Structure formats: structure tokens, C-alpha cells
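Structure at a glance
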Amino acid sequence: MNPTVTPAPGLLLPTADLPPSFRWGVATSSYQIEGAVAEDGRTPSIWDTFCRMPGAVVGGDNGDVACDHYHRMPQDVALIKSLGVDTYRFSVAWPRVQPGGRGPANQAGLAFYDRLTDRLLAEGIDPWVTLYHWDLPQELEDAGGWPNRDTAYRFADYAMLVFDKLSDRVDNWTTLNEPWCSAWLGYYVGVHAPGRKNFDDAIAAVHHLLLGHGLATQRMRAAATREMKFGITLNMGTADPATDTAADRDAARRADGMGLRIYLDPLRKGSYPADMVEDLAARGTAFPVQDGDLEVISTPFDVLGVNFYFGQDFSGTDEQGNTHDADGHPVVRAILPAGPRTAMDWPITAERFTQLLVRLHRDYPGLPMVITENGAAFDDSADADGNVADEDRTSYLAEHIAAVAAAREQGADVRGYFAWSLMDNFEWAEGYAKRFGIVHVDYETQVRTPKQSALWYRDTISRVRGS
Ligand code: FCB
């Protein structure tokens, strides 16, 4: 820890309601930090391909080197240890473990996660494994990607390769990270890999992602020889009507349906929401459900991972006042709440975090939650030694952790909080331009320097624990 940066006074949050047993972590994902994309048998993922598409990623950046974590893993584990967290959430790169997405495990690739797991445990840090954080083997995309049903079965097979290797030591298993991003941004909006723009494909992708989650969960649970926690991580915001008009209320309903309920309803209630099925039918499309799928998808799981960044309002009219777009579809226009923004231009809406968690507790009861990601990008300026006095990020974290405590007070069963991210990294379509780390990374030298927010986080954790 660099002692020259001290946490800002006055940023002591009310942590009285967070119990000493609360889980504290930092999170990363494979493609965003590992680099070493052609080493030890790894084959390309859809992100390696996407990054090569002109204009797809800001600055033409890619994950070829990223934070070079693949080669610096031992030092990075020491860094994690120095933050005083008890949990490290990382993801496994599918094309490292199973090049091409089919067939036997690549032992050299698996060995990396085996070493990482051992190191974490040796430092007393609990490994929290995410099996899929968006790096689909390119060959599976060539075979149709997530809109192709077979990808769900390929995912379950791959999950078992990782599970067989690490389940003697790893207790916490997340199947998917943010399937909304994979389906919506990847197959409909086209701003994430693989960059397709087809609504029907996105709907099929949603269903097959959920099916893959269910299949993998069933197989892992059947193979578990001791108690383990299985879960899925969803990114969720809040969707409020911009005004009280019927059109705005309907837009908020649609946004909430597409963003949250089409995932949580099948997962927890075993059915897709009737209003969304109707909306899709009006567009001439449907989830490609086969007999038995919803039983598989609603396989019980133990923990819901919640990624929260911001909430939004929705309007049912465009700026010209039209209620339908050029294709005749109802307008669903996001309006960012007023107030301060992060470097992503995302609004800072901590109170909506509390609302979301309380609502999840109310509408999908009986499911413990862990905040698997929360954090903010700001335009950090580092001094010559890499120190960053990021009061903005520190405040963001403080407000959002306080929002979690407030939600718990209102009954939400939230058991942990993981900051996104351990360190600055490859921020997908934004490349390296956006820094989410609580640790600064100098990409020229790969030197890591904890920011003020990291020191604040460490001190906060220690205060909550009473240590
Ligand atoms: C989430 C992703 C994560 C990171 C943050 C900022 O959607 O899961 O990888 O990029 O956003």
C-alpha cells in the first residue's frame, strides 16, 4: 500500500448495519485483465474478433495484453490481499480451458486457474468463480453463437471441465455474468461482441443463455460432494416512468420487462412474463422454448449476483412526441436522471440501488443476494508515482455501500459487496479509456498503484469487521 495517499476525512459511512460476517470482495473478468491471448493453447474468443472490427472499440484497443495478469497473477493476488478483502471474483476464459468450445480440457489453460485458486486460498481469500464473462469461443459463434440452442449444451460441458478441476477447493460458482449484455448488446444493439444486430437473435440468445445456466447448475450440483453455492449474476437498474402518462408507464414496464423480468421470472418462477410474451408476439417473435426448458431454467440456485451501476427513467415518446418508431414499434426511450455523472456518462443514483434491492427482495423472495459488481469510472489523474486522489470514486463507493446497508435495513438479504474493479482494465467497447479500478494501472509499465478509494475500501472493511 502506498502510504502517501490518505482517505478523505468525512467519508466514513454508516456501516453499523453491516455485520462483521458481511462478505467483501473485488471483481475482475478474464478478457479484461489477462492478456496472453495466444498462450498455452488459448484460441480466440468473440471479443478478440470484435476488437479487430474497425470502429468497434474506442482507440482500436484490444485485450491482447490488458493488465498482463496472466503473467503477473502472483503479484496481483498479493495486491488483493493487501486490500483486506475476503473474496476475489474472477472469471474463467472458456477458450483457454476448452479451445474452440468443444472437446477435452486444455490442461495448460486450466492450470492457470488452478494456480490462481491455490494462491488465493493460501492468502485466506475465497475464490468466487464466474464461468462466463462474455468470452465465447469464436468457433461457437461461427456455429451460430448464443442464438443457437447447441451453445447452451456446449456451455454446460465446459462448466463441468472447470468444475471437475476446481470444485475440490472452490465453493462459489456463478454461471453467467450479465446475460442481458450478452444477448441485448451483443446480438441486438451490436455494440458488444459479436456485434450482431438482430432482434430475434437476441431473444433466442436470452433463452439459450438461461438454458445454459440451468443445465450447468443441474450438472454441477449433481456432481458436488459437499455444500456449494451456485448462482447467476444479472445487471439490473431501476426503470421508472419519466412522467405519469400511460405511454411513459408502459415504456417503463417494457424496459423493466426486457431488462429484469425476462431473466428473473423464468429463473425463479419458471415462466416468462405474460406481458413480455405478448409484446414479443406483437413483434412476430417468441422465446424458442422447448418442452422441459423452463424446468431446467428454474432449477433452484443459492445466490443472486447483482451488478448495479445506475437507474433510469423511461419515456414512451421520442423527442418529437411520436409514440412509435419508424418500424412501428412502441418507443422506449431512456432518460438519464439529472445530477452528477461518471466518466461513462452514467448518472449517480445510489438511492435507486436501495430501491432495486428492496424490490428484488419483495418480488423474488427467499433468495440471498451478493453485489457482484458496483463501481464507477472517473477521469483519474495520476501523479508521477501513479497516485490517484479519487474522491469521486471513493464517494461513489461510500454512497452505494450505504445504499446496500439501507436496503438490508428494509429487509433485503444482501450478504456481500464486491467492488468493480480491482484494477483499471479493458472496458469493452470503451477500451482502456475508462478506468474503473480502485487500483491504478500504468499500461506502459504495468505498475499497479492503489488509489485513495482502495485505501478507503480497506479501512472501511476493517472497521465493519471491527478489526
Ligand atoms: C459490467 C461488466 C463488467 C464491467 C462493468 C463496468 O457490465 O460486467 O465487466 O465492464 O460493467
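Residues numbered from 1 in each chain as written. Predicted model: local features only at pLDDT ≥ 70, side-chain atom pairs only at ≥ 80, totals over all residues. Heavy atoms only, no water.

Things to note about the overall build of the chain
Secondary structure summary: the chain contains 15 helices and 13 strands in total. Taken over the C-alpha trace, the chain has a radius of gyration of 21 Å; the compact-globule value for 467 residues is 23 Å, and the two agree within 12%. Taking the principal axes of its C-alpha atoms as reference, the chain extends roughly 60 × 50 × 45 Å. Buried positions account for 60% of the 467 residues belonging to the chain. (Helix = DSSP H or I, 4+ residues; strand = E, 2+ residues; numbered from the N terminus. Rg over C-alpha atoms; globule rule 2.2 N^0.38 Å. Buried < 20%, exposed > 50% of the residue type's maximum accessible area, 1.4 Å probe, protein only.)

A closer look at the sheet that holds strand E9 (residues 333–335)
As a general point, the strands of a sheet are linked pairwise by backbone hydrogen bonds and lie either parallel or antiparallel. Taken in spatial order, the three strands make up an open sheet running E6-E8-E9, and their pairing is mixed. Unpaired on one side and paired on the other, strand E6 (239–241) and E9 mark the two borders of the sheet. Taking each pair of neighbouring strands and ignoring which way they run, the sheet shows an average axis angle of 45°. Direction of pairing for E6 relative to strand E8 (residues 312–315): parallel, over a ladder of three bridges. Opposite Pro241, over in E8, you have Phe314 as the bridge partner. (Pairing = 2+ DSSP bridges. Axes fitted to C-alpha atoms, helices over the stretch in contact; angles between N-to-C directions.)

Side note on the layout of surface pockets
Estimated volume of the second largest pocket: approximately 290 Å³. Lining the second largest pocket are 17 residues, with Arg23, Trp128, Lys229, Val370 and Arg415 sitting closest to its centre. Of the residues belonging to the lining of the second largest pocket, the class tally is seven nonpolar, two polar and eight charged. (1 Å grid on protein atoms, 1.4 Å probe; cavity = no way out; pocket = protein on both sides within 12 Å on 5 of 7 lines; lining within 4 Å. Points joined across faces, edges and corners; volume = space filled by probe spheres on them. Nonpolar A, V, L, I, M, F, W, Y, C, P; charged D, E, K, R; others polar.)

Thoughts on the pattern of salt bridges
Applying the stated criterion across every chain, the model contains 45 salt bridges. A salt bridge links Asp76 to Arg448; its shortest N-O distance comes to 2.8 Å. One end of the pair, Asp76, is in helix H3 (residues 69–82); the other, Arg448, is in strand E13 (residues 447–450), and 372 residues separate them in sequence. Pair check on accessibility: Asp76 and Arg448 agree, each one buried. Between Arg393 and Asp390 there is a salt bridge, with its nearest N and O atoms 2.8 Å apart. With respect to class, Arg393 is no different from Asp390; both count as buried. A single salt-bridge network, built from bridges that share partners, covers Asp250, Arg253, Arg254, Asp256, Arg261, Asp275, Asp279, Arg359, Arg362 and Asp363. (Salt bridge = Lys/Arg side-chain N within 4 Å of Asp/Glu carboxyl O.)

Let's talk about the site of the ligand
Surrounding the ligand, one finds Gln32, His133, Trp134, Asn177, Glu178, Tyr309, Glu373, Trp420, Glu427, Trp428 and Phe436. Side-chain polar atom of His133 to an oxygen atom of the ligand: 2.8 Å apart, as the coordinates give it. Between the ligand and Glu178 there is a distance of 2.5 Å, counted from an oxygen atom to a side-chain nitrogen or oxygen. Expressed as a share of its isolated accessible area of 290 Å², the protein-covered part of the ligand is 95%. Classifying every residue of the shell around the ligand by side-chain character gives five nonpolar, three polar and three charged. (Near = heavy atom within 4 Å. Polar contact = N/O pair within 3.5 Å; in protein donor to acceptor, adjacent residues only side chain to side chain. Areas by Shrake-Rupley, 256 points an atom, 1.4 Å probe, with all protein chains shown as cover.)

Some remarks on the packing of aromatic side chains
According to the stated counting rule, one finds 36 aromatic pairs in the structure shown. Ring centres of Phe90 and Tyr113 lie 6.4 Å apart, and the angle between their planes is 5°; this geometry places the pair in the stacked category. You can see Phe90 sitting in strand E2 (residues 87–91) and its partner Tyr113 sitting in helix H5 (residues 107–122), a full 23 residues away along the chain. Relative accessible area serves as the criterion here: at 2%, Phe90 is assigned to the buried category. The class for Tyr113 is buried, based on a relative accessible area of 1%. Plain terms: the ring middles of Trp184 and Phe199 are 6.0 Å apart, the flat faces sit at 80° to each other, and that makes the pair edge-to-face. (Phe/Tyr/Trp six-rings, centres within 6.5 Å; stacked < 30°, edge-to-face > 60°.)

Thoughts on the UniProt feature "active site" (unreviewed entry) in the chain
Per the UniProt record, "active site" (unreviewed entry) is found at Glu178 and Glu373. Annotated residues spanning 196 residues; largest pairwise C-alpha distance 10.4 Å, indicating a single compact cluster. Locating Glu178 in the fold gives a position in the loop between strand E4 (172–177) and helix H8 (179–189). Apart from the residues within four sequence positions on either side, Glu178 is in contact with Trp134, Thr233, Leu234, Asn235, Asn307, Tyr309 and Glu373. A residue is classified by how much of its surface remains accessible, and Glu373, at 4% relative accessible area, is buried. The contact partners of Glu373, leaving out residues within four places of it in the chain, are Arg89, His133, Asn177, Glu178, Val306, Asn307, Phe308, Tyr309, Phe418 and Trp420. (UniProt positions renumbered as here; feature names shortened; annotations may be inferred. Contact = heavy atoms within 4.5 Å.)

What to know about the UniProt feature "binding site: substrate" (unreviewed entry) in the chain
In the numbering used here, UniProt assigns the "binding site: substrate" (unreviewed entry) feature to Gln32, His133, Asn177, Tyr309, Trp420, Glu427 and Trp428. Summarising the element assignment, His133 is placed in the loop between strand E3 (126–132) and helix H6 (138–142). Exposure remark for His133: the relative accessible area of 2% places this residue in the buried category. The buried category is assigned to Trp428, whose relative accessible area is 3%. With near-sequence residues (within four places) excluded, Trp428 lies in contact with Ser29, Tyr31, Gln32, Trp47, Val57, His133, Trp134 and His192.

Considering the packing of helix H7 (residues 150–166) against helix H9 (residues 199–223)
With their axes 8 Å apart at the nearest point, H7 and H9 run at an angle of 35° to one another. Note that H7 runs across H9; the crossing there is right-handed. Contact with H7, carried on its side by Ala152, Tyr153, Phe155, Ala156, Asp157, Ala159, Met160 and Phe163, involves His208, Leu211, Gly212, His213, Leu215, Ala216, Arg219, Met220 and Ala223 of H9 and no other residues of that element. For the contact of H7 with H9, the residue count by class is twelve nonpolar, three polar and two charged. (Left-handed = near helix turned anticlockwise from the far one by under 90°.)

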